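# What the coordinates show
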Amino acid sequence: MEYGSKDVCKAAIRIALTDTRAEEAELKDAYSREGIKCAAVDFGSDFASAVPKILERAVVAAKRENIIGASHADEGAVAGAAHEALQQIVDKCVGLNLGGKIGIARCNSHISVCIFLEIGLLNLNDVTIAMRHRAVKNKKYEYRRMGIWR
């Protein structure tokens, strides 16, 4: 089946919302059978130090799960999508503590990054979610579409 950006975004959101490692692994296996690669990673920190950690963890998790290669374009797509997702919620986060999960999904040329956050101080938490998508050239996919690669 051919999956588009909407489907890949849904996968990133669902993997970011998992509660346990077992649920995460089960969902990754299910998506893998459908041709969508997924990764997730937890984080927690105050906002000022969280931004570089989130960007780094997103790229490392995507590389660890073979969602992206070591190319500058792939790493930049994941880091850029994660950064733009953070920009959507920065006003709520300044000066507070963050904890949450990053979900990353890819199918063919579509890469999506979802950031699920709890933002707060002590037990006074707010919850938010941010999502961004990137399209990255995928030679294997492009060749297959042209009938060159089987």
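Here, the structure is the one placed above.
I will try to describe carefully the structure that is included in this document. Quick caveat, the model's predicted, so the values are computed rather than measured.

Analysis parameters
Residues numbered from 1 in each chain as written. Predicted model: local features only at pLDDT ≥ 70, side-chain atom pairs only at ≥ 80, totals over all residues. Heavy atoms only, no water. Helix = DSSP H or I, 4+ residues; strand = E, 2+ residues; numbered from the N terminus. Buried < 20%, exposed > 50% of the residue type's maximum accessible area, 1.4 Å probe, protein only. Contact = heavy atoms within 4.5 Å. Axes fitted to C-alpha atoms, helices over the stretch in contact; angles between N-to-C directions. Parallel < 35°, antiparallel > 145°, perpendicular 65-115°, else oblique. Left-handed = near helix turned anticlockwise from the far one by under 90°. Nonpolar A, V, L, I, M, F, W, Y, C, P; charged D, E, K, R; others polar. Pairing = 2+ DSSP bridges.

Within the secondary structure, His110 sits in strand S3 (residues 110–121). Judged by relative accessible area, His110 falls into the buried class, the value being 18%. Not counting the four nearest positions on each side in its chain, His110 is found in contact with Tyr3, Gly4, Ser5, Val8, Ala105, His133 and Arg134.

With their axes 9 Å apart at the nearest point, helix H1 (residues 5–16) and helix H2 (residues 21–33) run at an angle of 160° to one another. Overall, the two elements H1 and H2 adopt an arrangement that is roughly antiparallel. Helix-helix and strand crossings are classified by hand; for H1 and H2 the assignment is right-handed. The residues of H2 that touch H1, namely those facing Lys10, Ala11, Arg14 and Ile15, are Glu24, Leu27, Lys28 and Tyr31. A per-class count over the contact of H1 with H2 returns four nonpolar, no polar and four charged.

A sheet is described by the order of its strands in space; here four strands give the open sequence S1-S2-S3-S4, paired in antiparallel fashion. Taken across any chain shown, the strands that pair with only one partner, and hence form the sheet edges, are strand S1 (37–46) and strand S4 (124–135). Direction aside, the axes of adjacent strands within the sheet are offset by 15° on average. With eleven bridges connecting them, strand S2 (residues 97–107) and S3 associate as antiparallel partners. In the sheet register, Ile104 faces S3, and the bridge partner there is Val113. H1 contacts S1, S2, S3 and S4 of the sheet and is inclined by roughly 145° relative to S2.

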